[in-house]
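Here is how the chains run, residue by residue.
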Amino acid sequence: MKKLLLIPIMILLSSTFIFAQGLKLGLSGGISSFQAPDYYTEKISDGGLGLGSELHIGGKAKLSLPVLPLKIVGSVYYTMLGSEDSGIEISGSILSLGVGGEWKLIPGPLAPYLALDINFNSFGEMETKVNSSTFKSDSFSRVGLGVGLGAEFTLLPKVDVDISAKYHFYNLLGKEEIDLGNSLTSDEKSITALMFSATFMFSLL
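Predicted model only: the values in this text are computed from it and were never measured. (Residues numbered from 1 in each chain as written. Predicted model: local features only at pLDDT ≥ 70, side-chain atom pairs only at ≥ 80, totals over all residues. Heavy atoms only, no water.)

A.B. asks: When you look at the pairing of strand E12 (residues 192-203) in this model, what are you seeing that I'm missing?
C.D. replies: Where a strand is regular, its side chains alternate between the two sheet faces. Across 12 bridges, the pairing between strand E1 (residues 23-36) and E12 is antiparallel. Pairing of Ala36 across the sheet is with Thr192, part of E12. In this structure, strand E9 (residues 159-173) lies alongside E12, joined through 11 bridges in antiparallel fashion. Its bridge partner lying in E12, Ala165 is registered against Phe196. (Pairing = 2+ DSSP bridges. Helix = DSSP H or I, 4+ residues; strand = E, 2+ residues; numbered from the N terminus.)

In structure tokens form, the structure reads like this:
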């Protein structure tokens, strides 16, 4: 009876060990270059937010699957938004939680891959400072998508470097009408950015 009980325990431990061998955790940093809408990229003096290349930091986890050249990926990124022009300061942030996959194109010490992520994006309050006055916009959340290319190469036996470039659609789902006042509304525009990241990945075992 004891031997029979040991069988499922051994199977569980062995499968856990196999997956743990393929699990990597990493720290990320990079730049998010906003492409659209015009309101995000235009100068503050022209009525926009003046956003361009904004810094982001975060983390990434990768789980390799047996046999398949596919890795399950989870990520979290915090993008710091900020600009200043004509005595006006604007600041904000975007917290992005993502889950997706990376398909390895070529095996080897330098392994390029295709990437696809589904992201939950939380836009924090956008704060505008004019002289001694401060104005804040409401926070909101949207579901987005990230697609791109990357490459991973071995730096040390248990340390890899992951470099990627992705095109992010921050508000692919959940768009709402914007109230312009005087009974006027406008459709929410698509928010997109090119995201360049470098990640140091550490193997657990």
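A.B. asks: Please clarify how the pattern of salt bridges should be interpreted in this entry.
C.D. replies: Oppositely charged side chains are able to pair whenever their charged atoms sit close together. Inspection of the entire model under this criterion finds 13 salt bridges. Glu188 is paired through a salt bridge with Arg142; the nearest N and O atoms lie 2.7 Å apart. With Glu188 in the loop between strand E11 (184-187) and E12 and Arg142 in strand E8 (residues 140-156), this residue pair connects regions lying 46 residues apart in the sequence. The same class applies to Glu188 and to Arg142, which are both buried. By sharing partners, the salt bridges in this structure join Lys24, Lys60, Lys62, Lys71, Glu102, Glu152, Asp160 and Asp162 into a single network. (Salt bridge = Lys/Arg side-chain N within 4 Å of Asp/Glu carboxyl O. Buried < 20%, exposed > 50% of the residue type's maximum accessible area, 1.4 Å probe, protein only.)

Shape is all these values report; function is a separate question.
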